[in-house]
Structures are given as structure tokens and as C-alpha cells.
Amino acid sequence: MRARRRLFEITCLLSAIALLVGCGKAKEKEASGETEAPTPVLVEAAVRGAIDHMVIADAVLYPINQANVTAKISSPVKRVLVNRGDHVRAGQLIAELESADLAAALNESKSQFDQSQASYQSLTGATVPEDKTKAQADLQTAQQTFEAAKKLYDNRVALQREGALAQKLVDDAKVAMVQAQSQVETTQRHLEALNQVSQREAIRGAEAQMNAAKAHSDNLAAQLSYAQIRAPIGGIVADRMVYPGEMPAPGSPLIAIVDISQIVARANVPVKEAASIHVGRPARITGPDGDLPGKVTVVSPAVDPNTTTVEVWVQAANPGEKLKPGSTVRVAIIAETIQNTIVVQTSALLNADDGGQKVMVVLNNSIARERRVSVGVRQGDRVQILSGLQEGDQVVTSGGLGLDDKAKVAVQQPKSEEDEDEDADKADESSDKGDKGDKGDKKDAPKPAGKPDGKGKP
């Protein structure tokens with residue numbers, strides 16, 4: 001207890017001594033007429049203008065198009081015409097499979113098609129007309145036979161009535177006439193069948209057989225064409241999975257092609273920021289291999305439940321194919337352009353004691369006053385001021401850190417580029433003079449004793 005009391009008394013004594021010393025120094029400054037020197041600062045007027053609301057996010061690059069080329073038939077690889085890194089165009093032959101068996105089957109199918117086509121032409125050009133002509137001749141013959149039999153019957157009936165002929169002969173003539181009539185009806189029905197049903201159906205059957213042969217031939221021709229594997233898109237060969245002689249599994253990729261003439265950066269943006277992004281808005285893609293202008297092409301309508309973000313795609317041309325798929329980049333999207341707002345430099349913002357933000361405003365080029373401000377969007381070295389400033393206010397942009405409210409300041413004019421160049425030149429001249437002085441000292445230095453001079457004398 002005594003030790004604590006002793007320590008408290010010593011602390012109070014030291015504080016009183018420090019206070020007396022400070023007061024004494026202040027009185028000495030007042031007596032001597034000394035005043036605090038104004039702090040030099042740089043100022044800039046708060047202006048009213050436009051500022052872009054930028055949404056910045058990390059993204060992963062993807063090609064604008066890609067294709068894993070697979071074989072449509074199961075056959076060994078005969079040859080591969082491209083390697084990884086080669087540029088290909090759409091429709092270019094990139095690989096070939098063994099197809100000798102398919103070529104032989106196609107020749108056989110073509111022969112069958114030719115045979116069915118010949119049968120169809122023979123049926124339509126010779127067989128059917130010949131059958132029709134024969135049927136017409138048979139009908140004509142049957143009609144003539146019937147007319148002769150009918151005439152004979154009529155004659156015998158007349159003779160029988162006169163009593164010159166027996167009844168039996170009349171009956172025989174009647175039977176022959178009836179048979180001839182039946183033959184006429186039979187041949188007539190046959191001719192009608194040829195004209196109406198048989199001819200049409202025979203032609204249809206031959207035509208169907210010919211079409212079936214043609215379809216089989218076309219199918220084999222398509223199978224044979226699948227042996228030649230062509231690039232479905234233009235781009236770069238990203239991978240080659242097979243070599244000649246291998247038998248790829250059905251559906252397995254043979255060659256991977258990517259089109260990186262344009263690239264797509266896919267970024268996951270928080271829901272709040274994504275609400276202001278629309279398709280077509282300008283953007284930039286920045287990566288280690290370049291900075292490219294682009295635009296928003298996709299804003300996902302759904303929110304990823306795992307990350308609670310929205311996927312946004314930014315597409316950009318990729319001249320020289322500098323940006324590579326799979327690399328990480330940063331996208332800066334201009335979500336909106338805010339017009340007619342107060343804008344100052346970000347260097348003018350200072351942290352207030354309560355955690356907010358403030359700026360220092362110079363009044364009459366001599367007094368700095370503290371202003372609490374509300375900050376909006378930022379774009380590079382500019383920031384939007386929602387409240388706390390008016391257009392034309394002179395805001396401290398340099399020298400405001402640690403500056404007290406109502407402190408005296410001296411506004412300095414910022415150096416122009418010419419002044420900076422002159423300062424640099426002066427610095428270079430000073431360094432050159434220093435180098436020359438060093439050389440002169442070395443030149444005038446005394447020669448060591450005992451060594452000959454230029455004439456060989458010691």
C-alpha cells in the first residue's frame with residue numbers, strides 16, 4: 001500500500017513539472033513573438049460530373065467455343081494429321097480411320113441398287129406393256145370366237161325350226177357359244193386387272209425395292225465418310241488423345257479443339273452488385289498477359305446457393321490469342337454511369353475518429369475546416385461524395401493527414417510537368433558535377449615517391 005501511494009505521488013509530481021515547463025515555453029514563444037507556421041497543402045475543387053459505378057471481381061477464362069471430336073464408327077486409327085497447338089479451320093481433315101471393309105460393302109450395295117433400278121425400268125418399260133398387249137389380244141380373240149359360236153347357234157336354231165336339223169346339234173352349238181362368252185368375260189377381267197391393280201402394284205413393288213437398295217447404299221456411303229474425321233469448328237488443337245493403330249472406345253474423344261479468338265471471363269458477383277449489371281454493359285478483362293475491352297453477354301437469372309453469388313460472363317476479342325483459357329483474371333464492369341454528382345480525388349478522404357470518413361476544406365486559402373462526408377461509388381482515383389460537400393469547395397488532396405480543424409494552411413501550387421523535368425535536369429547536373437570533381441581530385445593527386453614520371457626521370 002505504501003509503495004503504491006509513493007508511486008502515485010511521484011507520477012503527480014512529474015506531471016506538474018511537465019505542465020510548468022510547457023507553460024514556460026509557451027510564454028517564451030509569446031514573449032519572443034513566435035507563431036506556428038502554416039502547413040503546406042495541395043487542394044483541388046470539388047466538381048460536379050459523371051462517375052462510373054464499377055463492379056470488380058475475379059474471373060476464370062473460357063474459350064468462346066470448344067469441341068471434343070469423337071469417332072462415329074468403331075475402327076482403328078489410320079493416321080492423325082494434326083498435333084497439339086496446330087491451328088485448324090472448320091471442315092479441315094484432321095484424322096482418318098481404317099475403312100477398306102466399308103468401301104467394299106458400299107460397292108456391293110451400289111451393284112444391288114443398279115440391279116433393282118434395271119428391274120424397275122424393265123418392268124415399267126417392257127413387262128407391263130407386253131402383258132397388257134397380250135391381254136388385249138386374248139380378249140379380241142375371245143370376242144371373235146364368241147361371235148362365231150353365236151352365229152353358228154343362230155343358224156342351227158333356224159334349221160331346227162324348219163325340221164332340217166336335229167335338236168342335239170342345236171344344243172351343242174349353244175354349249176360352244178356359252179363357253180366362248182365365258183372366255184370373253186375372263187379375258188376382259190384380266191385386262192381390267194392389268195389396267196387397274198396388277199400393273200400399279202407391280203410398279204410400286206419394283207420402285208420400293210429400288211428405293212430400299214438406294215437407302216442401303218447411301219447409309220454405307222455415310223458410314224464410309226465417317227472414316228474421315230473433320231474439324232467441326234475452327235480453332236487450336238488443345239489435345240490429341242490417339243495415335244495411328246489405336247482402337248478408340250466408342251464415344252471417346254480423339255482430338256480436342258478450342259476457339260480462343262474470343263474469350264469469356266466467368267465471374268461470380270455478389271447478388272447486391274449483380275442487380276445493377278445488365279447484358280451489353282461495357283467491361284474490361286485484365287490479366288497477366290494483357291488488358292482487353294469487352295462487354296457483358298450473360299447475367300445468370302439464378303443465384304448459386306453454395307456461394308450466394310450470380311455468375312456473369314464478359315466476352316472480349318483476343319487478338320494474338322494472348323489470354324489463355326483456365327487462367328485467372330480480373331473483370332471490371334461498368335454497371336451504370338452516375339451523372340451530375342459531386343466528385344473528388346480519393347486522396348482527399350481521411351478517416352474520422354468515430355470510424356467514418358471526412359475531408360479537409362480550405363477557407364480563404366488559410367484555414368482548414370473538417371467536413372464529414374458520405375461516400376458513394378469509386379472509380380480509380382475518383383470518388384463520389386453523396387453529402388458533406390458542395391461544388392467548388394477547395395478540398396485538401398495532399399498534406400491533410402494529421403491536420404487539425406481550424407489549422408492554418410498555405411495552399412501550394414502543384415508542380416507542372418515542365419517543373420518536374422527541370423528538377424530532374426538539375427539533379428542530373430549536380431550528379432555530373434560530383435563525378436567530375438572526383439575525377440579532378442584523382443588527376444591532381446601527388447605522384448608516389450620513387451616512381452618515374454612521364455620522361456623516365458625519378
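Keep in mind the model is a prediction, meaning the values are calculated, not measured.

*Asks:* What is the right way to look at the overall build of the protein chain in this model?
*Replies:* Secondary structure summary: the protein chain contains five helices and 18 strands in total. When each of the 458 residues of the protein chain is scored for burial, the buried share is 28%. Contacts in the protein chain between residues far apart in sequence, at least 24 positions, make up 73% of those at least 6 positions apart.

*Asks:* How do you make sense of the nonpolar core when you look at a structure like this?
*Replies:* Counting residues in hydrophobic clusters, the biggest one holds 26 residues, and the most contacted among them are Val269, Ile277, Ile285, Val331 and Ile333. Those elements that place two or more of their residues in this core are strand 2 (47–70), strand 8 (253–270), strand 9 (282–287), strand 10 (290–299), strand 11 (309–317) and strand 12 (328–345). Beyond its immediate chain neighbours, meaning those up to four positions away, Ile285 contacts Leu61, Ile263, Ala265, Gly290, Asp291, Leu292, Val314, Ala316, Leu323, Val329, Arg330 and Val331. Core analysis: the second largest hydrophobic core is formed by 21 residues, Val88, Ala95, Ala227 and Ile229 among them.

*Asks:* Could you clarify how one ought to interpret the pattern of salt bridges in this entry?
*Replies:* Note that side chains of opposite charge can pair when their charged atoms are close. Considering all chains together, one arrives at 11 salt bridges under this definition. A salt bridge links Lys150 to Asp154, with the nearest nitrogen and oxygen atoms 3.4 Å apart. Taken as a pair, Lys150 and Asp154 lie in helix 2 (residues 100–161) at a separation of four residues, close to a single helical turn. Among the salt bridges present, the one from Arg372 reaches Asp354, with a minimum N-O distance of 2.9 Å. Note that Arg372 is positioned in strand 15 (residues 367–379) and Asp354 in the loop between strand 13 (350–351) and strand 14 (357–363), a separation of 18 residues in sequence.

*Asks:* When you look at the environment of His216 in this model, what are you seeing that I'm missing?
*Replies:* Relative to the elements of secondary structure, His216 occurs in helix 3 (residues 167–225). C-alpha separation for the pair His216 and Ala105, spaced 111 residues apart in sequence, amounts to 10.0 Å.

*Asks:* Explain the environment of Ala59 here, please?
*Replies:* With respect to the helices, strands and loops of the structure, Ala59 is situated in strand 2. With a relative accessible area of 3%, Ala59 lands in the buried category. For the pair Ala59 and Thr286, spaced 227 residues apart in sequence, the C-alpha separation works out to 9.8 Å. Leaving out residues up to four positions away in the same chain, Ala59 has contacts with Ala265, Arg266, Ala267, Ser327, Thr328, Val329 and Val331.

*Asks:* Please explain the sheet that holds strand 6 (residues 228–230) as it appears in this structure.
*Replies:* Picture the strands of a sheet paired through backbone hydrogen bonds; they go either parallel or antiparallel. The strand order 3-5-6 describes an open sheet built from three strands, whose pairing is antiparallel. At either end of the open sheet lies a strand with only one pairing partner, and these are strand 3 (77–80) and strand 6. Strand-to-strand twist in this sheet, taken as the mean axis angle between neighbours without regard to direction, amounts to 25°. In the sheet, strand 5 (residues 93–97) pairs with strand 6 via three bridges, with the strands oriented antiparallel. Residue pairing in the sheet places Leu93 in a bridge with Arg230 of strand 6.

*Asks:* What should I look at first to understand the packing of aromatic side chains in this one?
*Replies:* We describe a pair of aromatic rings using the distance from one ring centre to the other and the angle between the two ring planes. A complete count under the given rule lists zero aromatic pairs for this structure. Above the ring of Tyr62, the side-chain terminus of Arg266 is found at 4.0 Å from the ring centroid.

*Asks:* In this structure, what is going on with the confidence of the model for the protein chain? I would like to understand it.
*Replies:* Note that predicted coordinates carrying low pLDDT should not be read in detail. The predicted model of the protein chain averages 79 in pLDDT, with 78% of residues at 70 or higher. A low-confidence stretch, residues 29–33 (pLDDT under 50), is modelled with one contact involving residues beyond four sequence positions or located in other chains. Confidence drops under a pLDDT of 50 for residues 436–458, and excluding neighbours within four residues, the segment shows five contacts in the predicted structure.

*Asks:* I'm lost on the pairing of strand 7 (residues 235–240) in this one. Help?
*Replies:* Bridge analysis of strand 4 (residues 87–88) against strand 7 gives two bridges, and the strand direction is antiparallel. For His87, the partnering residue across the bridge sits in strand 7 and is Ile236. The pairing of strand 7 with strand 8 spans four bridges and is classified as antiparallel. Looking at the pairing, Ile236 lines up with Val258 of strand 8.

*Asks:* Would you mind going over the side chain of Asp259 with me for this structure?
*Replies:* Along the chain, the position of Asp259 falls in strand 8. One buried charged side chain, Asp259, makes no salt bridge at all; its nearest oppositely charged neighbour is Lys324, positioned 11 Å away. Here the side chain of Asp259 touches Ser261 through a polar contact of 2.9 Å, side chain to side chain. Ignoring any residue separated from it by four or fewer positions in sequence, one finds Asp259 in contact with Pro63, Ile64, Asn65, Gly234 and Gly235.

Procedures and definitions
- Residues numbered from 1 in each chain as written.
- Predicted model: local features only at pLDDT ≥ 70, side-chain atom pairs only at ≥ 80, totals over all residues.
- Heavy atoms only, no water.
- Helix = DSSP H or I, 4+ residues; strand = E, 2+ residues; numbered from the N terminus.
- Buried < 20%, exposed > 50% of the residue type's maximum accessible area, 1.4 Å probe, protein only.
- Contact = heavy atoms within 4.5 Å.
- Core = buried A, V, L, I, M, F, W, Y, C linked by side-chain atoms within 4.5 Å.
- Salt bridge = Lys/Arg side-chain N within 4 Å of Asp/Glu carboxyl O.
- Pairing = 2+ DSSP bridges.
- Axes fitted to C-alpha atoms, helices over the stretch in contact; angles between N-to-C directions.
- Phe/Tyr/Trp six-rings, centres within 6.5 Å; stacked < 30°, edge-to-face > 60°.
- Lys NZ or Arg CZ within 6 Å of the ring centre and 35° of its normal.
- pLDDT = per-residue confidence, 0-100.
- Lys, Arg positive; Asp, Glu negative; His and termini not counted.
- Polar contact = N/O pair within 3.5 Å; in protein donor to acceptor, adjacent residues only side chain to side chain.

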